[in-house]
Amino acid sequence: MKPKLNVLFLAAEADPFIKIGGLGDYAGSLPLALHGIVPTSEDETGIDIRLVIPFYGAIQQKQYPLKRVAAFEVPHAGGSLPAEALMLEMRGLPVYFISGSMIPADAPVYTSDPAEDGRKFTFFSLCALELARSLEWPPDIVHANDWHTAPAVYALSLIQRDSDPVFNNAAALLGLHNLPYLGAGAEQALDEFGLPPAENSALPGWAKQMPLPLGLLAADHIVAPSPTYAQEILTPEFGSGLHSFLRQRKQDISGILNGIDVNRWDPRTDEQLKANYSHEDLTPRKVNKTALQQEFNLEVDADIPLIIIISRMDKQKGIDLVPDALRHIAGQRWQAVILGTGDPVLEAAVRGLENNLPDQVRVAVRFDAALSRRMYGAADIILIPSRYEPCGLNQMIGMRYGVVPVARATGGLKDTIQDYDLSEESTGFLFDKESASALSEAIRRALAVYENRDAWTQLQQRCMQQDFSWDRFARQYLTLYRSLARAKAARQPGSSQTEV
Ligand code: ADP
């Protein structure tokens, strides 16, 4: 048997321990999926992946049965700071929790103080590396994510300058889930932890001591959550001021889609649905539609196309385009149920729409996971008019439940939805222009196809048969890990690297 590929996976959050947003979904599911991959032949390297997250107060309260596995210190301007690592196994996956004074038990995961978060996450990043040393477990890959753990990538590059047997062979991969969050305000924290600005580097001057740019500079490879978004970040529109720099790193940037947990999101077993169903027979969906129409006091009629939105109320999501777009088509037969919270201005705008079109539109301003499932199980069309969308889960979950997406052709939406063109591949309706009329035109196209019941049912069935499972995308990560480890090993002649 070949030795396993050691992967140290760092994130600021991971479901089910702690989840604030999409990063939590990603870090809670990708390592598990990778852990579950069994080598297909004797010649293939297996994987020993270990997840590391901070031991926040919210996790401490859950009282997991944890084992204390390591204690160490990290250097700091004010004197070395002690830390310890606790551990449990989640379905066989080792998960480590880092505790120490910079990760206060009474603070939220993300505070409104960038300096405090800078200290917390720089400390955490350095601790994660120290943990590998304590465990005498040399990583082949250090996979960090977003600005919070980007300092680990930068620190690794500094450590490797002074040859270090634990880290010499480690290739660094930085996952980019939210480019606009660069970690501004953490400059001082980096300094305190001995991470200097990258003075003579290709980074623009303003970015030379910011966590994410430093990670982007030092990483062996950068991975975005969709191939299209990986290209878009090279443009001024999406590049957050780093597009010129990122263009220089173009060869080292790729995109791999995120998967969804296909067991958690399954219309055959979803307990929130009145009627479960599969792609083989969509008729039970009518029961769910009737129930939702009754719940929202809308006219009960299975033939009226039901449009939904389930989204953060944020400009990123293009919610500001929705009221006008729906007003444009108010003369047609459709109903809409909108679920979301966020920006009060956008909440007020959709409420205004509900007042204007009382027979057609209903709005629920809250976060409600159970309602979202009832909506996925009942609706015909889901609107996703995002300005930018690194990956997007909304469309994948919708498709899995037979809801046809009408979405802007950007980022992961473009990569997961095939625009309607009568072909055997179409799975939705895409539009390019960031405008209410482009959105309403796309909805019109969808409503026209809806009139042809057979064509619509086939479209729904095609959506439901798309494979968005993590298994597929985790294999792409494993291939990437292997090639990065191979490239690193090739650059280290004579070292005793893992053969991959
Ligand atoms: P983002 O992570 O940028 O908000 P995604 O499309 O990647 O967007 O993921 C959004 C997820 O959050 C989806 O699973 C969606 O169903 C869910 N969601 C968004 N808003 C709500 C809400 N108000 N109530 C319930 N679920 C919501």
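Keep in mind that what you see is a predicted model, and the values were worked out from it rather than measured.

Rules and cut-offs
Residues numbered from 1 in each chain as written. Predicted model: local features only at pLDDT ≥ 70, side-chain atom pairs only at ≥ 80, totals over all residues. Heavy atoms only, no water. Helix = DSSP H or I, 4+ residues; strand = E, 2+ residues; numbered from the N terminus. Rg over C-alpha atoms; globule rule 2.2 N^0.38 Å. Contact = heavy atoms within 4.5 Å. Lys, Arg positive; Asp, Glu negative; His and termini not counted. Charge placed at Lys NZ, Arg CZ, Asp CG, Glu CD. Salt bridge = Lys/Arg side-chain N within 4 Å of Asp/Glu carboxyl O. Buried < 20%, exposed > 50% of the residue type's maximum accessible area, 1.4 Å probe, protein only. Axes fitted to C-alpha atoms, helices over the stretch in contact; angles between N-to-C directions. Parallel < 35°, antiparallel > 145°, perpendicular 65-115°, else oblique. Nonpolar A, V, L, I, M, F, W, Y, C, P; charged D, E, K, R; others polar. Core = buried A, V, L, I, M, F, W, Y, C linked by side-chain atoms within 4.5 Å. Domains from an automatic or database assignment. Pairing = 2+ DSSP bridges. Right-handed = clockwise from strand over helix to strand, strands pointing away. Near = heavy atom within 4 Å. Polar contact = N/O pair within 3.5 Å; in protein donor to acceptor, adjacent residues only side chain to side chain. Buried area = accessible area lost by both parts, 1.4 Å probe.

Bringing the overall build of the chain into the picture now. Each helix and strand counted, the chain has 17 helices and 15 strands in total. Expected size for 500 residues packed as a compact globule is a radius of gyration near 23 Å; at 24 Å, the chain falls within 12% of this value. Projected onto the principal axes, the alpha-carbon positions of the chain cover approximately 70 × 50 × 45 Å. Contacts in the chain between residues far apart in sequence, at least 24 positions, make up 72% of those at least 6 positions apart. In the chain, which carries 47 positive and 61 negative side-chain charges, the distance between the mean positions of the two groups comes to 2 Å.

Moving on, we come to the pattern of salt bridges. Considering all chains together, one arrives at 27 salt bridges under this definition. Two residues, D164 and R133, come together in a salt bridge whose shortest N-O distance is 3.0 Å. Taken as a pair, D164 in the loop between α4 (146–161) and β7 (171–175) and R133 in helix α3 (residues 114–134) lie far apart in primary sequence, 31 residues in all. Taking the shortest distance from any N to any O, the salt bridge between E299 and R333 comes out at 3.6 Å. Here R333 lies in the loop between α10 (322–328) and β11 (335–339) and E299 lies in the loop between α9 (285–295) and β10 (306–310), a separation of 34 residues in the sequence. The class for R333 is partly exposed, based on a relative accessible area of 49%. The network of salt bridges with common partners includes E130, R133 and D164.

Attention now moves to the packing of helix α15 (residues 436–450) against helix α16 (residues 453–464). Two quantities define a packed helix pair, namely the angle between the axes and the distance from one axis to the other. Taken N-terminus to C-terminus, the directions of α15 and α16 make an angle of 115°; their axes are 7 Å apart at the nearest point. With respect to each other, α15 and α16 are oriented roughly perpendicular. Taken together, the residues of α16 that come into contact with α15 (itself represented by A446, V449 and Y450) are R453, A455, W456 and L459. For the contact of α15 with α16, the residue count by class is 6 nonpolar, no polar and 1 charged.

What follows is about the nonpolar core. In summary, soluble globular proteins display a tendency toward joint burial of nonpolar side chains. Judged by nonpolar contacts, the single largest core of 181 residues is most densely connected at L34, L179, L216 and Y481. Residue assignment places this core across two domains, with domain 1 (5–259 + 470–491) and domain 2 (285–464) each supplying three or more. Apart from the residues within four sequence positions on either side, L179 is in contact with L212, L216, Y229, I233, F238, G239, S240, L242 and L246.

What follows deals with the pairing of strand β14 (residues 404–408). When a strand is regular, its side chains alternate between the sheet's two faces. With respect to burial, β14 is a largely interior element, 5 of its 5 residues being buried. Along β14, one buried face is formed by V404, V406 and R408 and the opposite face, lined by P405 and A407, is buried too. As paired elements, strand β13 (residues 381–384) and β14 share 4 bridges and run parallel to each other. Residue pairing for β14: I382 is matched across the bridge by P405. A crossover links β13 with its parallel partner β14, the connecting element being helix α13 (residues 394–400), and its sense is right-handed.

Let us look at the sheet that holds β11. The parallel open sheet is built from 6 strands, whose spatial order is β12-β11-β10-β13-β14-β15. Bordering the open sheet on either side are β12 (361–364) and β15 (429–431), each of which pairs with just one other strand. Each strand axis lies, on average, 20° off the axis of its neighbour in the sheet, ignoring direction. Bridging between β14 and β15 involves 3 bridges; their strand directions are parallel. If you follow A407 over to β15, its bridge partner there is L430. Along the sheet, α15 contacts β10, β13, β14 and β15; its crossing angle with β15, the most-contacted strand, is approximately 160°.

The next thing to look at is the site of the ligand. Near the ligand lie 16 residues; those nearest to it are R312, K317, R366, D368 and Y376. The separation between an oxygen atom of the ligand and a polar side-chain atom of K317 is 2.8 Å. Here L393 contributes a backbone N or O atom positioned 3.0 Å from an oxygen atom of the ligand. If you list the elements that add at least two residues to the shell around the ligand, you get α12 (369–376) and α13. With 3 residues, α12 is the single largest residue contributor to the shell around the ligand.

Backbone-to-backbone hydrogen bonds join strands into a sheet, with any given pair of strands oriented parallel or antiparallel. Reading across the sheet, the 9 strands line up as β3-β4-β5-β2-β1-β6-β7-β8-β9 and stay open at both edges, with mixed pairing between neighbours. On the outer flanks of this sheet lie β3 (67–74) and β9 (253–255), each paired with one strand and no other. Averaged over all pairs of adjacent strands, the angle between strand axes in this sheet comes to 25°, irrespective of strand direction. Judged from the 7 bridges that link them, β3 and strand β4 (residues 81–90) form a sheet pairing that is antiparallel. Within β4, the residue paired with F72 across the bridge is A83. On top of the sheet, helix α1 (residues 22–35) reaches β1 (5–10), β2 (47–54), β4, β5 (93–100) and β6 (141–145); it is set at about 155° to β2, its chief contact. Packed on one face of the sheet, helix α17 (residues 470–490) meets β1, β2, β6, β7, β8 (221–224) and β9 and runs near 110° to β1.

For the chain, the assigned domains are domain 1 (5–259 + 470–491) and domain 2 (285–464). Computed from C-alpha coordinates alone, the two centres of domain 1 and domain 2 are separated by 35 Å. Taken together, the contact between domain 1 and domain 2 spans 15 residues of the former and 13 residues of the latter. Approximately 1,000 Å² of surface area, both sides summed, lies buried where domain 1 meets domain 2, with 61% of it carried by carbon and sulfur atoms. When the buried area of domain 1 at its contact with domain 2 is split by residue, T228, Y229 and L257 rank highest and sum to 35% of it. Remark: the boundary between domain 1 and domain 2 carries 0 salt bridges. Where domain 1 meets domain 2, there are 5 residue pairs in polar contact (both at pLDDT 80 or more).

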